Amino acid sequence: MAAAGCGSNAGRNLLQFMKFIGQLKRIPRTGWVYSHVEKPESVSDHMYRMAVMAMLTEDKTLNRDRCVRLALVHDMAESIVGDIAPADNVSKEEKHRKEKDAMKHLSHLLPEDLKKEIYDLWEEYEFQSSAEARFVKELDQCEMILQALEYEELEKRPGTLQDFYDSTSGKFKHPGVVQLVSAIYEERNSNIAAEASSSQP
C-alpha cells in the first residue's frame, strides 16, 4: 500500500485507483454472458483464483511471488475498457491499444515506483516476455476451463460449454498445469458419460 504520508493528493489518487479496481468486481466475464450462464463470474473472481493457483505452484524455477503479481495485474485494464472477448470483433491491435491506454491511466495514479512496477507487469504478461508470464497465461486458460466445468455442473448441462475447451486445446505445456487440466477433463468426461447413461431409456 502506498504510504499515507504522501499528502492528500496521493490519497485521492490511491482512492481513485482502488475505485477502478473495485469496478472489476462488477464487470462480468463476457464469454460467460455470451454463453448464457445464469450467474457469470466477475473479472476479479477470475483474477483471484488465478492468483491462488499461482501461489500454489511448486515449480522452483519460477518466481512464485512474480507469478501472483502477474495474475493480479493481467486484467486490470478491463476496469476501464471492459472484458473484450473474441466475439466482439475487436482486432488484437485495437484491444492492445485500448488496454495500454487504460494501464497508463491506472498506473499514473500511483507513486513512481509502483507506477512502473504495475505497468511493467502488465506489459510483461501482454508480450509473454518471461517464463512467469507464459506460466500465468496457462493459468488464465486453465482457470477458464475449470470455471466452464463448474458452470456445466452447477447448471446441470454437462458438455455444453465445449467452445471454451476447444479454444485452449493443445495450449497447456507446464507439467503442473497439465496435471490440473487432466483432472478437469477426467471429471468432465465422467459427467458427460453419466448424463448420457441417465438419459437412455
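Residues numbered from 1 in each chain as written. Predicted model: local features only at pLDDT ≥ 70, side-chain atom pairs only at ≥ 80, totals over all residues. Heavy atoms only, no water.

Caption draft 1: Broad picture of the overall build of the protein. For the protein, the helix and strand inventory stands at 10 helices and zero strands. Put simply, the protein runs from its N terminus to its C terminus through helices and strands in the order α-α-α-α-α-α-α-α-α-α. Taken along its principal axes, the extent of the C-alpha atoms in the protein is 70 × 35 × 30 Å. Relative to its full complement of 201 residues, the protein shows a buried share of 41%. A separation threshold of at least 6 residues defines the contact pool for the protein, and within that pool the share at least 24 residues apart is 66%. Only carbon and sulfur atoms are counted for the fraction: they give 54% of the accessible area of the protein, which is about 11500 Å². Here the protein holds 26 positive side-chain charges and 34 negative ones, and the gap between their average locations is 5 Å. (Helix = DSSP H or I, 4+ residues; strand = E, 2+ residues; numbered from the N terminus. Buried < 20%, exposed > 50% of the residue type's maximum accessible area, 1.4 Å probe, protein only. Contact = heavy atoms within 4.5 Å. Areas by Shrake-Rupley, 256 points an atom, 1.4 Å probe, with all protein chains shown as cover. Lys, Arg positive; Asp, Glu negative; His and termini not counted. Charge placed at Lys NZ, Arg CZ, Asp CG, Glu CD.)

Caption draft 2: How the structure looks around the environment of alanine 102. Among the secondary structure elements, alanine 102 is positioned in helix H6 (residues 92-107). When the C-alpha atoms of alanine 102 and glycine 159 are compared, they prove to be 36 Å apart, with 57 residues separating the residues in sequence. Setting aside residues up to four positions removed in sequence, alanine 102 forms contacts with Ala77, Ile80 and Val81.

Caption draft 3: Representation of the pattern of salt bridges. Summed over the entire model, instances satisfying the criterion amount to 14 salt bridges. Here glutamate 150 ties to arginine 49 by a salt bridge, and the two come within 2.8 Å at their closest N and O atoms. A residue pair is termed long-range when its members are at least 10 positions apart, and glutamate 150 in helix H8 (residues 131-154) and arginine 49 in helix H3 (residues 43-55) qualify at 101 residues. You can call arginine 49 partly exposed: its relative accessible area is 22%. (Salt bridge = Lys/Arg side-chain N within 4 Å of Asp/Glu carboxyl O.)

Caption draft 4: Looking closely at H6. The end-to-end C-alpha distance of H6, which contains 16 residues, comes to 22 Å, matching closely the 22 Å that a straight helix rising 1.5 Å per residue would cover. Considered for burial, the residues of H6 that qualify are Glu99, Ala102, Met103, Leu106 and Ser107. Each buried residue of H6 lies within a common arc of 120 degrees when the element is viewed along its axis, so the set occupies one face. (Expected span 1.5 Å × (residues − 1). Arc of directions from axis to C-beta.)

Caption draft 5: Just the UniProt feature "domain: HD" (unreviewed entry) in the protein, in detail. Sequence positions flagged by UniProt for "domain: HD" (unreviewed entry) are, in local numbering, residues 43-145. In residues 43-145, the share of helix is 71% and the share of strand is 0%. The end C-alpha atoms are 15 Å apart. (UniProt positions renumbered as here; feature names shortened; annotations may be inferred.)

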